[in-house]
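Given next are the chains, with one letter for each unit.
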Amino acid sequence: MAPVNNNVQMNNNNDNENPSPKFKVTIVGSGNWGSVASKLIASNTLKLSSFHDEVKMWVFEEILPSGEKLTDVINTTNENVKYLPGIKLGCNVVADPDLENAVRDANMLVFVTPHQFMEGICKRLVGKIRSDAQAISLIKGMEVKKEGPCMISTLISQQLGVNCCVLMGANIANEIAVEKFSEATVGYRGNREIAERWVQLFSTPYFMVSPCQDVEGVELCGTLKNVVAIAAGFVDGLDMGNNTKAAIMRIGLREMKAFSKLLFSSVKDTTFFESCGVADLITTCLGGRNRKCAEAFAKNGGKRSFDDLEAEMLQGQKLQGVSTAKEVYEVLKHKGWLEMFPLFTTVHEICTGRLPPTAIVEYSEHAPKFPPVVGPTSFQ
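Residues numbered from 1 in each chain as written. Predicted model: local features only at pLDDT ≥ 70, side-chain atom pairs only at ≥ 80, totals over all residues. Heavy atoms only, no water.

Draft legend 1. Local environment of the overall build of the protein. Along the protein, the regular secondary structure elements total 15 helices and ten strands. Every one of the 380 residues in the protein was classed for burial, and the buried ones make up 54%. Considering only intrachain contacts with a sequence separation of at least 6, the fraction spanning at least 24 residues in the protein is 73%. (Helix = DSSP H or I, 4+ residues; strand = E, 2+ residues; numbered from the N terminus. Buried < 20%, exposed > 50% of the residue type's maximum accessible area, 1.4 Å probe, protein only. Contact = heavy atoms within 4.5 Å.)

Rendered as structure tokens:
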């Protein structure tokens, strides 16, 4: 891959002989959050002279009960009737069921799919994207391989040879869709100019985005908070009350911070006070889909599987917390850290039926002992 030109001007150049190159955006994913992201982005590309108006959105093709293709309905009605009904995406959003065609001309790629699909998507895109492309991940989750945990932004960077930022925050998609005020954090590594370009692309009067030079910290906050939200849902389902739920959230934040800093010594303490940290944890534990399904799981005494509850309650959307809890558990078990992270460990054991939902508070009798924070770790 050719190196990215970091000197690209972001403002329109009035010199007709040397016009500024325009950035073209494709969104890879079209679920609930992907559709909201397209609405945010499409409203800005029409206003900003440095971007092409058209925003492509890759849609995994589905046949609706009416017999129509989802992409056709989106392009006809300007609405994702399955995953974001009642919300207009923007007249400049074009749904495309062909992944390679959707990304072909884009130099700004927004990835927003369930994390378990990303490795396959990246393999399909190798050699198919522009050499000057930049990427951003809105995906919460990670891959666990024999050599260790791999963040989704790292997977994208390694597989596709592109720089990848992340966007995480207290972002319940349906609330942003109806333009209720919200915040988000863009995590970046070294190039502030590229981070500011993403901030510019996503920011609206009701969606305030701030940059933070800590990709791993921002991304791990967005990933791990879903595990804590599962625990919060158990508390709600068992009607344990707000005091217990607050305690679970505090302990969860402590485990999020300790786990993140054990994996990456570069993670900053201040990141946990950004929107991607404590704010996202709070909103997900109060109103997210992971909390909602975990509440139903606990009310049923753990007798109905999360797969059944997901299919019944989420209309095709995917849970992230259950699979992330499994991935975190695999890391903890391999490293011998299970006893140091009792909340994360207990959530997974409840999800898999090894413990009843009531076990979510039983562990608290044993005060966890965290080791000193060390540098990056691996499975070696």
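Draft legend 2. Quick look at the pattern of salt bridges. A complete count under the given rule lists 18 salt bridges for this structure. For the salt bridge of Lys 225 with Asp 280, the shortest nitrogen-to-oxygen distance reads 3.5 Å. Residue Lys 225 is located in helix α8 (residues 215–237), and its partner Asp 280 is located in helix α10 (residues 275–287); the two are separated by 55 residues in the primary sequence. For Lys 225, a relative accessible area of 6% puts it in the buried group. Of the residues examined, Asp 280 reaches a relative accessible area of 1% and is grouped as buried. (Salt bridge = Lys/Arg side-chain N within 4 Å of Asp/Glu carboxyl O.)

Draft legend 3. Inspection of the sheet that holds strand β2 (residues 51–58) at higher detail. Here eight strands make up an open sheet; going across it, the order is β3-β2-β1-β4-β5-β8-β9-β10 and the pairing mixed. If you trace the sheet from one side to the other, it starts and ends with β3 (93–96) and β10 (207–212), each paired once. Here the strands of the sheet are splayed against their neighbours by 25° on average, with no regard to which way each runs. In the sheet, strand β8 (residues 164–168) pairs with strand β9 (residues 182–187) via three bridges, with the strands oriented antiparallel. Residue pairing in the sheet places Val 166 in a bridge with Gly 187 of β9. On top of the sheet, helix α7 (residues 192–202) reaches β1 (23–28), β2, β4 (108–111), β5 (134–137), β8, β9 and β10; it is set at about 170° to β10, its chief contact. (Pairing = 2+ DSSP bridges. Axes fitted to C-alpha atoms, helices over the stretch in contact; angles between N-to-C directions.)

Draft legend 4. Quick peek at the nonpolar core. Among the nonpolar cores identified, the biggest contains 55 residues, and Phe 234, Phe 259, Phe 306, Phe 341, Phe 344, Val 347 and Ile 360 are the most heavily contacted of them. If one sorts the elements of this core by residue count, α8 sits on top with 13 residues. The next biggest cluster of nonpolar side chains, apart from the first, holds 45 residues, and it includes Leu 40, Ile 41, Tyr 83 and Leu 84. (Core = buried A, V, L, I, M, F, W, Y, C linked by side-chain atoms within 4.5 Å.)

Draft legend 5. Region of interest: unusual backbone geometry. Although it is not a glycine, Asn 78 sits at a positive phi angle of roughly 65°. Among the structural elements, Asn 78 can be located in the loop between α2 (70–77) and β3. Under the relative-accessibility criterion, Asn 78 is labelled buried at 16%. Phi is positive for Asp 239, which is not a glycine, with a value near 55°. Mapped onto the fold, Asp 239 is located in the loop between α8 and α9 (242–263). Residue Asp 239 is classed as exposed on the basis of its relative accessible area, which comes to 70%.

Draft legend 6. How the structure looks around the packing of aromatic side chains. Counting across every chain of the model gives ten aromatic pairs. Taking 5.8 Å as the distance between ring centres and 40° as the angle between the ring planes, the aromatic pair formed by Phe 234 and Phe 297 counts as tilted. Residue Phe 234 is found in helix α8, and its partner Phe 297 is found in helix α11 (residues 289–299); the two are separated by 63 residues along the sequence. When sorted by exposure, Phe 234 lands in the same class as Phe 297, which is buried. Among the aromatic residues, ring-to-ring pairing joins Phe 259, Trp 337, Phe 341 and Phe 344 into one connected group. (Phe/Tyr/Trp six-rings, centres within 6.5 Å; stacked < 30°, edge-to-face > 60°.)

Draft legend 7. α8, seen in detail. With 23 residues, α8 extends 34 Å between its outermost C-alpha atoms, agreeing within 8% with the 33 Å of an ideal straight helix rising 1.5 Å per residue. Of all the 23 residues making up α8, 22 are buried; the element is thus mostly covered by neighbouring parts of the structure. Directly after α8, the chain includes Asp 239, whose backbone phi takes a positive value near 55°. (Expected span 1.5 Å × (residues − 1).)

Draft legend 8. Local environment of the pairing of β5. Burial along β5 is two-sided: Gln 134 and Ile 136 facing one way and Ala 135 and Ser 137 facing the other are all buried. Across four bridges, the pairing between β4 and β5 is parallel. Paired with Val 110 across the two strands is Ile 136, which belongs to β5. Note on the crossover from β4 through helix α4 (residues 118–125) to β5: the handedness is right-handed. In this structure, β5 lies alongside β8, joined through three bridges in parallel fashion. Opposite Ser 137, over in β8, you have Val 166 as the bridge partner. (Right-handed = clockwise from strand over helix to strand, strands pointing away.)

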